Amino acid sequence: MKLENEIKQKSFKNELERLWVNIIFTSHWIHEKHEPIFKEYGLTRQQYNILRILRGQYPNPATIQLLIERMMDKSSNASRIVDRLFQKKLVTRKICDKDRRRVDILITQIGLQILSEIDSKMLNLYNEFKALNKQQVTQLNQLLDKMRD
């Protein structure tokens, strides 16, 4: 559906303004699609993001600094998020033997299992993009990357 119809706005000052609003609107639309899945597992988007980073590191641990560098939401408090994931038994924390100031964080088997279950549910969400063919998906990815350069 056209953006103008979705937000009940007749026009924009120019195409750049329309693009900006469209990206923000689409971002919120995507988040709304994900939220019920995360809620089912008692997770936030930020917690899910950290679990995915840790799965990518697995079986190697990660540090808080590494998590901060890789998180999508740079304003999130990674230490606090890890604390909550630890309480849910989705990650472990261990003081590094070589550097006592460093804490190694590792995803647990429970965390890996939850991500596996979420992955299968996410496949259904990807169908929301069925209106785009493979070439268009590639092009959109390239354009979004270029926009951020």
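Computed from a predicted structure; not experimentally measured.

### Considering the overall build of the protein
Counting secondary structure elements, the protein contains seven helices and two strands. The helix and strand sequence of the protein, counted from the amino end, reads α-α-α-α-α-β-β-α-α. What you see for the protein is a C-alpha radius of gyration of 19 Å, clearly larger than the 15 Å of a compact globule of 149 residues, by over 25%. With respect to the principal axes defined by its C-alpha atoms, the protein has extents near 60 × 30 × 30 Å. A total of 149 residues make up the protein; the buried ones form 28% of that total. Long-range contacts, defined here as pairs at least 24 residues apart, represent 51% of the contacts in the protein between residues at least 6 apart. Just so you have it, the protein exposes about 11000 Å², and 53% of that area is on carbon and sulfur atoms. Side-chain charges of the protein comprise 27 positive and 18 negative groups, with the mean position of each set lying 2 Å from the other.

### Some words on helix H5 (residues 78-87)
Taken together, the buried positions of H5 are occupied by Ala78, Ile81, Val82 and Leu85. Across the axial projection of H5, the buried residues extend over an arc of 100°, all falling on one side. Two or three places before serine 79, at the opening of H5, asparagine 77 has a side-chain oxygen 3.2 Å from that residue's backbone nitrogen. One or two residues past the end of H5 sits lysine 89, with phi positive at roughly 65°.

Rules and cut-offs
Residues numbered from 1 in each chain as written. Predicted model: local features only at pLDDT ≥ 70, side-chain atom pairs only at ≥ 80, totals over all residues. Heavy atoms only, no water. Helix = DSSP H or I, 4+ residues; strand = E, 2+ residues; numbered from the N terminus. Rg over C-alpha atoms; globule rule 2.2 N^0.38 Å. Buried < 20%, exposed > 50% of the residue type's maximum accessible area, 1.4 Å probe, protein only. Contact = heavy atoms within 4.5 Å. Areas by Shrake-Rupley, 256 points an atom, 1.4 Å probe, with all protein chains shown as cover. Lys, Arg positive; Asp, Glu negative; His and termini not counted. Charge placed at Lys NZ, Arg CZ, Asp CG, Glu CD. Arc of directions from axis to C-beta. Polar contact = N/O pair within 3.5 Å; in protein donor to acceptor, adjacent residues only side chain to side chain.

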